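Spelled out from the first residue to the last, the chains are:
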Amino acid sequence: MSFYEKYLEYRDFDFEEFASNLTDDYIIKVINKERINELEFLSLLSPKAGKYIEFMAQKSRKLTLQHFGRVIFLYTPIYVANYCVNQCVYCGFNISNNIVRKKLTIEEVEQEAKIISDTGLKHILLLTGESRLHSSLDYIKECVTVLKKYFSSISIEVYPLEMDEYKELVEAGVDGFTMYQEVYNEDVYGQLHLKGPKKNYRYRIDAPERACVAGMRSVNIGALLGLDDWEREAFFTGIHAQYLQNKYQDAEISVSIPRMRPCNGAFQPKVNVNDKNFVQIIFAFRLFMPRVGITLSTRERPEFRDNLVGLGVTKMSAGSSTEVGGHAIDSKSEGQFDISDTRNVEQIKELIYSKGFQPVFKDWQQI
Amino acid sequence: MQDKLTIGGIELGSRLLLGTGKFPSNAIIPQVIKSSGAKVITVALRRIDFDSEDENILKHIPKDCILMPNTSGARNADEAVRIARIARAAGCGNWIKIEVISDNKYLLPDNFETIRATEILAKEGFTVLPYMSPDLMTARRLKDAGASAVMPLGAPIGTNKGLRTRELVKILIDEIDLPIIVDAGLGRPSEAAEAMELGAAAVLVNTAIATSDDPISMGEAFGLAVLAGRKAFLSGAGAVKDFAEASSPLTGFLGT
């Protein structure tokens, strides 16, 4: 079985009718349950549940403290290449965008790694544009070999690979995997991904499962919010995460909630996901899967990120740059998107402490 | 009366063991150690940031405490063994708490893999304290494999639900000739006292102390509860009866 079959179960579901039939009593009952099922999770994403956001926040805070304690895990991305063969209308790396393209040499990767590691960070997320031609598996492995010298945990966010290729990366020292489906609505997916291998919806949706089978320790998924109705997209993200956690219990499953940010190209989000919607998604995830990791990136504004510490989020990026060679190289390329929170690692660390939480730099050890 | 707990040839000054994973800062840990009286401190190797001056948790653990690294993150015996060896090589001492968890949903330990890891590490000279789901046969095999104590869970880790496995833990206390340390799930000092009254040799607590509003004070409360529970166990509680037994009984006029 693939998650795609699960997707098909709900593809033609009447989400609007479901939401219109929800009662206040039902929502209150769901918030107070110890375990909730898929449709109860969906109810927490409804406008009706929006009225009870404070109750959801309190429950989410309690569950997060209980399962993760007073800590926030820190990481940062390292962009090593922005060559891309896909035409995704919403992305700055889109092949048809006339931007400066760059791929770091292994020496340059080391320079970047050194500067990042000097900030104290120990968890790194290696990103490439989606081009097997420019960023081959061998190139990624060479990067990993260098990064291992500086970081205790290495995750990848690259084009979808075969299971055996993920296995090779695990053997090379990669322990984490991130892939966003971008949009779960298959029709919209087809409209937004005009050209390139990424047009293959099925191959992408099964990539997290291939990573689990290959033995990736942590597997992180998400939908790019703004491309389609957020209630549905968050729902599919949640049931995808649950599908993976139930089937691969030895993997640590986590979700990201990237909200669209301005980038090169004229595409504007189809759907506005406001701050209240955004936190409702976080709380609904937490109530549905109390142990799931929830990642908050620097796409979000500093003051908004500050307020979310302790409410459900478990992992935050810090000192981020979405440019290839953004830390060490003079001739910088263009970023994938503009970041909102430009504070450095030290500032994020202070912020987390000021909220009564501990910034955790290291939560894995290469074994 | 002498009442000492000895594990791995070391006499422990306290029957409260402390976990460190969920505190708001590492800097508060020495204060919690002091208030609680804990002498054995467990730390996940995955969290030890050896290179960092500020964030290295080892710098916050007093020298008179026993450091007990744990194998958090191990999904099978082989990974637990590798983690244990790395910890010893890094200077974290000889004690190891084995935690093998291949279930990220409930975080329940894998007893089978735990026995395998215990066998290997005990032979290598480690003082092995395995975390396990309370099960008599597993506990016997852990003893045979060379465990220095057995650490059954009171409830799923982090749940603060108390001594839900009471009947099974009691069987281990009665049958296994090793210290039984209740690890995980104890949410309140009264529940730690309950485990001690039952005859547990010690308890290990993290979440309940670390996520309380005042971890220093809560650490002290747990320390006192463990002392009280132990004292009660040693004193031998009176029998539980179904009917009240008045000092001036209603049938006193009948004579004896």
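None of the values given here were measured: they were computed from a predicted structure.

Peer 1: What is the right way to read the interface of chain A and chain B from this model?
Peer 2: You'll often see interface size given as the accessible area lost when the parts meet. On the chain B side, the residues contacting the 36 residues of chain A number 36 residues. Of the roughly 3,000 Å² buried between chain A and chain B, counting both surfaces, carbon and sulfur atoms make up 42%. Inspection of the chain A/chain B interface yields nine salt bridges. In this structure, D213 of chain B and R70 of chain A form a salt bridge, with 4.0 Å as the shortest nitrogen-oxygen distance. Across the chain A-chain B interface, the total number found is 27 residue pairs in polar contact (both at pLDDT 80 or more). Looking at the side of chain A that touches chain B, the elements that each hand over two or more residues are α6 (53-68), β1 (71-79), α13 (230-247), α16 (345-354) and β11 (358-360) of chain A.

Peer 1: What exactly am I supposed to notice about the side chain of N82 of chain A here?
Peer 2: Residues and elements named next belong to chain A. Its place among the elements puts N82 in the loop between β1 and β2 (87-88). At 3.1 Å, the side chain of N82 and the backbone oxygen of V100 are in polar contact. A distance of 2.8 Å separates the side chain of N82 from the backbone nitrogen of K102, its partner in a polar contact.

Peer 1: What am I meant to see in the packing of α6 of chain A against helix α14 (residues 275-288) of chain A here?
Peer 2: What describes two packed helices is the angle between their axes and the distance between those same axes. All names here are of chain A. Interaxial distance between α6 and α14 falls to 9 Å at its minimum, and their mutual angle equals 50 degrees. In terms of axis orientation, α6 runs oblique to α14. Viewed along their axes, α6 and α14 form a crossing whose handedness is left-handed. Within the contact between the two elements, α6 uses I53, M56, A57, K59, S60, L63, T64 and F68 and α14 uses K276, V279, Q280, F283, A284, R286 and L287. By residue class, the composition of the contact of α6 with α14 is nine nonpolar, three polar and three charged.

Peer 1: Honestly, helix α3 (residues 111-123) of chain B in this entry has me stumped. Any pointers?
Peer 2: The α-helix winds at 3.6 residues per turn, so residues separated by three or four positions along the chain end up facing the same way. Residue and element names in this part refer to chain B. Look at α3: 18 Å from first C-alpha to last across 13 residues, which is about the 18 Å you get at 1.5 Å a residue. Inspection of α3 places N111, E113, T114, I115, A117, T118, L121 and A122 among the buried residues, and these make up the whole buried set. Against the buried residues of α3 lie α2 (77-89), β6 (95-98), β7 (127-132) and α4 (136-145). The opening residue of α3 is D110, an N-cap whose side-chain oxygen sits 3.2 Å from the backbone nitrogen of F112. Remark: G125 follows α3 within two positions and exhibits a positive phi of approximately 90 degrees.

Peer 1: Explanation requested: the side chain of S218 of chain A in the structure shown.
Peer 2: Considering the arrangement of structural elements, one finds S218 of chain A in strand β7 (residues 218-223). For S218 of chain A, the contacting residues outside a window of four places in its chain are D175, G176, F177 and E252 of chain A.

Peer 1: Is there a simple way to explain the packing of aromatic side chains in this structure?
Peer 2: Each aromatic ring pair is summarised here by two numbers: the centre-to-centre distance and the angle between the ring planes. For the structure shown, the criterion picks out 22 aromatic pairs over all chains. For the ring pair F3 of chain A and Y243 of chain A, a centre distance of 5.8 Å and an interplane angle of 55 degrees mean the geometry is tilted. Taken together, the residues F3 of chain A in helix α1 (residues 3-11) and Y243 of chain A in helix α13 connect sequence positions 240 residues apart. With a centroid separation of 6.2 Å and an interplanar angle of 20 degrees, the aromatic rings of Y184 of chain A and F236 of chain A are classed as stacked. In this pair, Y184 of chain A is assigned in the loop between β5 (176-182) and α10 (186-192) and F236 of chain A in helix α13, connecting sequence segments 52 residues apart. For K103 of chain A, the ring lying beneath its charged end belongs to Y139 of chain A, and the centroid distance is 4.4 Å. Across the ring face of F126 of chain B, the terminal group of R88 of chain B is positioned such that the distance to the ring centre comes to 3.8 Å.

What counts as what
- Residues numbered from 1 in each chain as written.
- Chains lettered and ligands numbered in written order.
- Predicted model: local features only at pLDDT ≥ 70, side-chain atom pairs only at ≥ 80, totals over all residues.
- Heavy atoms only, no water.
- Contact = heavy atoms within 4.5 Å.
- Buried area = accessible area lost by both parts, 1.4 Å probe.
- Salt bridge = Lys/Arg side-chain N within 4 Å of Asp/Glu carboxyl O.
- Polar contact = N/O pair within 3.5 Å; in protein donor to acceptor, adjacent residues only side chain to side chain.
- Helix = DSSP H or I, 4+ residues; strand = E, 2+ residues; numbered from the N terminus.
- Axes fitted to C-alpha atoms, helices over the stretch in contact; angles between N-to-C directions.
- Parallel < 35°, antiparallel > 145°, perpendicular 65-115°, else oblique.
- Left-handed = near helix turned anticlockwise from the far one by under 90°.
- Nonpolar A, V, L, I, M, F, W, Y, C, P; charged D, E, K, R; others polar.
- Expected span 1.5 Å × (residues − 1).
- Buried < 20%, exposed > 50% of the residue type's maximum accessible area, 1.4 Å probe, protein only.
- Phe/Tyr/Trp six-rings, centres within 6.5 Å; stacked < 30°, edge-to-face > 60°.
- Lys NZ or Arg CZ within 6 Å of the ring centre and 35° of its normal.

Keep in mind that these numbers describe shape and distance, not what the molecule does.
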